[in-house]
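# A closer look at the structure
The lines below spell out each chain.
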Amino acid sequence: MIPHFTAAEKAVHYPDPEDRKAFLGMKPYTKLILLILFIALFGAAWFQYFFFGLPPDPAISFLSQQVDEPIGFPLWIRLSHWVNFFFLLLIIRSGLSILYDHPRLYWNNSCKSNSSWIRFTPVKIPLDRPYTAKEDARYINPIAGLPGYKHTVGIARVWHFLTVPFFVLNGAVFISFLFFTNQWKRLVPVSWQIFPDPWTVFVHYATFHFPVNVDGFYHYNAIQQLSYFAVIFILAPLGMLTGIAMSPAIENRFRWYPKLFGNRQSARSIHFLVMISYCVFIVIHVSLVAATGLVKNMNHMVMGTDSAESYTGLYIGIAIILMTIAFAILAHWLSWNKQRALQKLQASTNGKIWKYTINRFKAKTDYEKKDITSYFWLNGKMPESSDWKNLAENNFADYKLKISGLVENPVELSLEDLKEMGKEQNVTMHHCIQGWSGIAEWGGLPLSRIIALVKPDPSVTTVAFYSFGEGMYGGVYYDTHIIGNCMKPDSILAWEMNYEPLSLEHGAPLRLRVENQLGYKMVKWIERIEFVRSPKNLGTGFGGKNEDDEYFDLMADS
Ligand SMILES: Nc1nc2c(c(=O)[nH]1)N[C@H]1C(S)=C(S)[C@@H](COP(=O)(O)O)O[C@H]1N2
Ligand SMILES: [Mo]
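Residues numbered from 1 in each chain as written. Chains lettered and ligands numbered in written order. Predicted model: local features only at pLDDT ≥ 70, side-chain atom pairs only at ≥ 80, totals over all residues. Heavy atoms only, no water.

Rules: UniProt positions are given in the numbering used here, feature names are shortened, and annotations may be inferred rather than shown by experiment.
As named in an unreviewed UniProt entry, the protein chain is Molybdopterin-dependent oxidoreductase, taken from Kaistella gelatinilytica. Quoted verbatim from the Subcellular location (unreviewed entry) field of the UniProt record, the comment on the protein chain reads "Cell membrane".

### As for the overall build of the protein chain
The condition that has to hold: What counts as a helix is a DSSP run of H or I of at least four residues, what counts as a strand is a run of E of at least two, and both are numbered from the N terminus. The buried label goes to any residue with under 20% of its type's maximum accessible area, the exposed label to any with over 50%, and the partly exposed label to all in between, with areas taken from a 1.4 Å probe on protein chains only. Contact definition: two residues touch when any of their heavy atoms are within 4.5 Å. Using a 1.4 Å probe, accessible areas were evaluated by the Shrake-Rupley method; residue-level cover was limited to the displayed protein chains. Residues counted as positive are Lys and Arg, residues counted as negative are Asp and Glu, and His and the chain ends are not counted. To locate a charge, take NZ of a lysine, CZ of an arginine, CG of an aspartate or CD of a glutamate.
Of the regular secondary structure elements, the protein chain holds 19 helices and 13 strands. If you line up the protein chain on its principal axes, its C-alpha atoms span 85 × 45 × 45 Å. Here the protein chain holds 558 residues, and the buried ones make up 51% of them. Put simply, of all contacts in the protein chain between residues at least 6 apart along the chain, 75% involve residues at least 24 apart. A total of about 26000 Å² of accessible surface is found on the protein chain, and carbon and sulfur atoms cover 66% of it. Positive and negative side-chain charges in the protein chain, numbering 51 and 46 respectively, have mean positions lying 3 Å apart.

### What about the UniProt feature "domain: Oxidoreductase molybdopterin-binding" (unreviewed entry) in the protein chain?
Under the UniProt annotation, "domain: Oxidoreductase molybdopterin-binding" (unreviewed entry) lies at residues 396-536. Annotated as 14% helix and 44% strand, the span residues 396-536 places its first and last C-alpha atoms 32 Å apart.

### Some remarks on the site of ligand 1
Keep this limit in mind: Note on terminology: near, applied to a residue and a molecule or strand, indicates that one of the residue's heavy atoms is within 4 Å of it. Here a polar contact means two N or O atoms within 3.5 Å. Within protein one must be a hydrogen donor candidate and the other an acceptor candidate, and residues neighboring in sequence count only if both atoms are side-chain atoms. Side-chain classes are defined by residue name, with Ala, Val, Leu, Ile, Met, Phe, Trp, Tyr, Cys and Pro counting as nonpolar, Asp, Glu, Lys and Arg as charged, and the others, Gly among them, as polar.
Near ligand 1 you find 19 residues, and of these Trp-377, His-506, Arg-511, Met-522 and Lys-524 are the closest. One nitrogen or oxygen atom from the side chain of His-506 is found 2.7 Å from an oxygen atom belonging to ligand 1. Between ligand 1 and Lys-524 there is a distance of 2.4 Å, counted from an oxygen atom to a side-chain nitrogen or oxygen. Across the complex, the protein chains shield 98% of the 530 Å² of accessible surface that ligand 1 would expose by itself. Considered class by class, the residues forming the shell around ligand 1 number 10 nonpolar, six polar and three charged.

### A few points about the environment of Asn-485
Relative to the elements of secondary structure, Asn-485 occurs in helix α18 (residues 483-487). Linking Asn-485 and Phe-376, residues 109 residues apart in sequence, is a C-alpha distance of 24 Å. Those residues in contact with Asn-485 that lie beyond four places of it in its chain are Ser-491, Val-514, Gln-517 and Met-555. Polar contacts involving the side chain of Asn-485 include one to the side chain of Lys-488, which spans 2.8 Å.

### Brief notes about a nonpolar patch on the surface
What counts here: Every patch collects residues that have over 30% relative accessible area and no salt bridge, joining them within 9 Å if they carry like charges and within 5 Å if they are nonpolar side chains (Val, Leu, Ile, Met, Phe, Trp, Tyr). Put simply, a salt bridge is a Lys or Arg side-chain nitrogen that is within 4 Å of an Asp or Glu carboxyl oxygen.
Together, Tyr-311, Tyr-315, Ile-318, Ile-321, Leu-322, Ile-325 and Ile-329 give the surface a local cluster of nonpolar side chains, amounting to about 680 Å² of exposed area. Mapped onto the secondary structure, Ile-321 falls in helix α13 (residues 312-337). Residue Ile-321 is classed as partly exposed on the basis of its relative accessible area of 33%.

### Notes on the sheet that holds strand β3 (residues 118-119)
Applied cut-off: At least two bridges found by DSSP between two strands is the condition for calling them paired.
The strand order across the open sheet formed by three strands is β1-β3-β2, and the pairing between neighbours is antiparallel. Bordering the open sheet on either side are β1 (25-26) and β2 (104-105), each of which pairs with just one other strand. In terms of strand pairing, β2 meets β3 through two bridges, oriented antiparallel. Paired with Arg-104 across the two strands is Arg-119, which belongs to β3.

This is the structure in structure tokens:
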């Protein structure tokens, strides 16, 4: 069942034997904020208890009108509760797997290694050699992350994006029912007691006095109501909105949108904090369900009855949890053995939806010079071929870009030839699939000029870009783009970055920029370009090195 690592995979998944150890690193100010929050909350509760005594327990929540309060949990509540549990677990675990591909979180777009407020890797970035984001990715235990162990961010994304629509749909149905019935009154606070009551209940918990145990079938206590309300009406929407803010297609079209959360990286940090809040909620919720009458509580949420005698609810509840675990095991098996099928499933569902929606958006490359970030992560394996090394030694004076395939006019062009054909400059945000971003200026020749020069055959759909460098598991690095994307004005072959000649690390002599796409589509160290009918006959046929080897998102439109 559990596949073994090949030597190449071992080197990629945990290059350092220490890498399997869990690690949590926080900036002193992060720790200080957490400590202050903790002391303020619990200190205030103890202060009140010590000097003013335990406040009277409001027991039942009066945050909502009690008049015609709905009673019990109808089938739709019980169903959506368990469906939610099932998908939330998949979303959290696949999200953790994605997070560990770039195990650092920031509040700024530079993503400079030492500016992360929290990190899940002990690795200090070496300064004496190029260090790539791929090297920085970490192993995650499959109990925590889906897939974890032997994984790629491609497969983790499949699970994350395949489950999100179900989670959203279930939530939408649940919320509609809440308001069609009068069940919303149990959740939505409509009284000013919203301020004092939850605090009073908290003082009880914090000073180890269990508040009066009201029967959740009929009533909630104030803190219970408030936390349920927050999970449904604050955490879930915030999770969705910050998730959307990370999409390159959205960010490049609606520049104001990620700014609602500060910037693209703070959206990612808030997305993480939402996940942590969910986990904290789940732990407390499950503990209290167990501590306040497990058998009865399970009957409430499974059977919709208020019995403390029958064990049916408990048994069925346990069965649901076991089924969820069984599915998680199946998901691991699929992730380790049926990667290609998962990748295609994702392309034929979400990929199709994106093709007709967000991928249609035209990128706005209107960042300014002042937005350029002080840091820009590296990715990819430096070319080791003697061809490239020899060219580099001579500053690429002898470099010839070869353009061939189904074209009327195949050409070989030196850097000088290319520079004479024209130059476009854009300041854009780069989005790596792993999670980091950076803003840079790129200068180079629009691909549309090359296309006009070589005159591709009308049957050409795809342009392939081959690198001097190799992929992580060996073999030439390449990627493809549909010709329509290459014709966009901001699609360029760049020889300039931040107004300087492109450095060796960032892809000299030439690299691709196709804004609107994720970083892995932007081939560095370009050796040659080929115009083809379909990507099917290149590599293993999925349109790029990462798509072939690591099951990254397929281009739905290629
Ligand atoms: N030849 C080659 N090009 C490549 C890669 C690679 O591994 N090999 N990695 C891609 C990825 S995943 C990213 S995010 C960008 C990173 O570009 P940078 O190193 O200039 O930041 O390059 C892309 N181009
Ligand atoms: Mo990337």
